[in-house]
Amino acid sequence: MPISYTHKTNPAEVLLTSWHRTGDDTFAVTARWPREHAFYLARFGRHDPLFLTETVRQTLPLLSHAAYDVPLGHQLLWKDLGWDVDPDGLRVEGGADAEIDLHITSSDVKYRKERATAVTLSVEAERAGSRLATARTSFTIHDRAVYERLRGRNADIESANARILPLPPPSPTQHAGRDRYQDVVLSRTDVPLRWQLRTDTSHPVLFDHPVDHAPGMLLLEAARQATQSATHPRRTLVVGLSCDFTRYAEFDAPCWVTAAPLPRDLDARPRMLVTAEQNDEAIFTSVVTLYEVPADH
């Protein structure tokens, strides 16, 4: 697996291991979730469910470059993401890594000349032959010239990073479901269920390489930590996400994250609405579904 096809620079962070085409717009991709990881931590005897998010995210550049002839250097813009995972399928088994099989179908593929400019992926994930999760995501693709027109002065990575705000203090680790304060991406405010996003560009996983805005995986981790904080000290695990990315999260203005309880879903699972706002505009929304882990697990 060429590391450049996953848009990572650290080979240890590449989760995908192989891929092949099974039809015109269908693909089989394999992934490995390490038993131990510095950031994606196992809790309650289960692999971190956000492994699924990062696995799906890595398939976006992989299939863009390998299957749809998108040149390296083009920019991928996440539009939305939704997934639902079986909490029993996340169980850690002994000391082994988890081997994951992804069956992916592309749809709504749009082209400009020979190059894809927009793709929707539907994913069925299996582990040891059993259903693990389903996911759906869509994204657009822009060459550098279009991206620079879209981003304006924020397209320059060095300039954007020079304007980054100082890091506010982290929320308590136990509230966020974290072991290290360096991995806490929220800072408490005086308003209940409202935090400031902590954008730490030195984080080795969330910022694997320099970028000009807060990446989608940081916003998704913020949604997870906001939900964990809102339900603390209950034992909860994220088993579903439905997210929309509407604007970029810039470095030079505070980004505020809020959580609000929603009615339980049809399976009686708790849900939270998490919203990120910047400059009085919503930039990201996510409905987070939780699994309440029994006390004896």
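Attention here is on the structure that accompanies the text.

Reading the values: the criteria
Residues numbered from 1 in each chain as written. Predicted model: local features only at pLDDT ≥ 70, side-chain atom pairs only at ≥ 80, totals over all residues. Heavy atoms only, no water. Pairing = 2+ DSSP bridges. Helix = DSSP H or I, 4+ residues; strand = E, 2+ residues; numbered from the N terminus. Expected span 1.5 Å × (residues − 1). Buried < 20%, exposed > 50% of the residue type's maximum accessible area, 1.4 Å probe, protein only. Salt bridge = Lys/Arg side-chain N within 4 Å of Asp/Glu carboxyl O. Core = buried A, V, L, I, M, F, W, Y, C linked by side-chain atoms within 4.5 Å. Contact = heavy atoms within 4.5 Å. Axes fitted to C-alpha atoms, helices over the stretch in contact; angles between N-to-C directions. Parallel < 35°, antiparallel > 145°, perpendicular 65-115°, else oblique. Left-handed = near helix turned anticlockwise from the far one by under 90°. Nonpolar A, V, L, I, M, F, W, Y, C, P; charged D, E, K, R; others polar.

## Quick look at the pairing of strand 11 (residues 271–278)
In terms of strand pairing, strand 10 (residues 255–262) meets strand 11 through eight bridges, oriented antiparallel. Of the residues in strand 11, the one forming a bridge with Pro 261 is Met 272. When strand 11 meets strand 12 (residues 281–292), the two strands line up antiparallel, connected through eight bridges. In the strand pairing of strand 12, Leu 273 is matched with Val 287. Here strand 11 hands over to strand 12 after two residues, with Asn 279 in that stretch at a positive phi of 55°.

## Notes on helix 1 (residues 50–67)
The terminal C-alpha atoms of helix 1 lie 25 Å apart, and with 18 residues this matches the ideal 26 Å at 1.5 Å per residue to within 8%. In terms of burial, helix 1 is largely enclosed, as 17 of its 18 residues are buried.

## Describing the pattern of salt bridges
Under the defined criterion, the tally for this structure stands at 20 salt bridges. Here Glu 99 and Arg 32 are joined by a salt bridge, their closest N and O atoms 3.0 Å apart. Of this pair, Glu 99 sits in strand 4 (residues 98–112) while Arg 32 sits in strand 2 (residues 26–33), and the two are 67 residues apart along the sequence. According to the relative accessible area criterion, Glu 99 is partly exposed, its value standing at 40%. Taking the shortest distance from any N to any O, the salt bridge between Arg 234 and Glu 292 comes out at 3.1 Å.

## As for unusual backbone geometry
Cis peptide bonds are those with omega within 30 degrees of zero, and the linkage from His 232 to Pro 233 qualifies with 10°. Among the secondary structure elements, Pro 233 is positioned in the loop between helix 5 (216–231) and strand 9 (236–245). Despite not being glycine, Asp 108 has its phi angle at roughly 50°, a positive value. With respect to the element layout, Asp 108 can be found in strand 4.

## Section: the nonpolar core
With 73 residues, the main nonpolar core has Trp 33, Trp 83, Leu 220, Val 257 and Phe 284 as its most contacted residues. Sort the elements by how many residues they give to this core and helix 1 lands first, with eight residues. Those residues in contact with Trp 33 that lie beyond four places of it in its chain are Leu 15, His 47, Phe 51, Leu 52, Thr 55, Leu 90, Asp 97, Ala 98, Ile 100 and Leu 132.

## Things to note about the packing of helix 1 against helix 5
Closest axis-to-axis distance for the helix 1/helix 5 pair is 11 Å, and the angle between their directions is 165°. For the element pair helix 1 / helix 5, the angle class is roughly antiparallel. Every pair of crossing elements has a handedness; the one defined by helix 1 and helix 5 is right-handed. Together, Leu 50, Thr 53, Glu 54 and Arg 57 of helix 1 and Met 217, Leu 220, Glu 221 and Arg 224 of helix 5 make up the contact between the two elements. In terms of residue class, the contact of helix 1 with helix 5 is built from three nonpolar, one polar and four charged.

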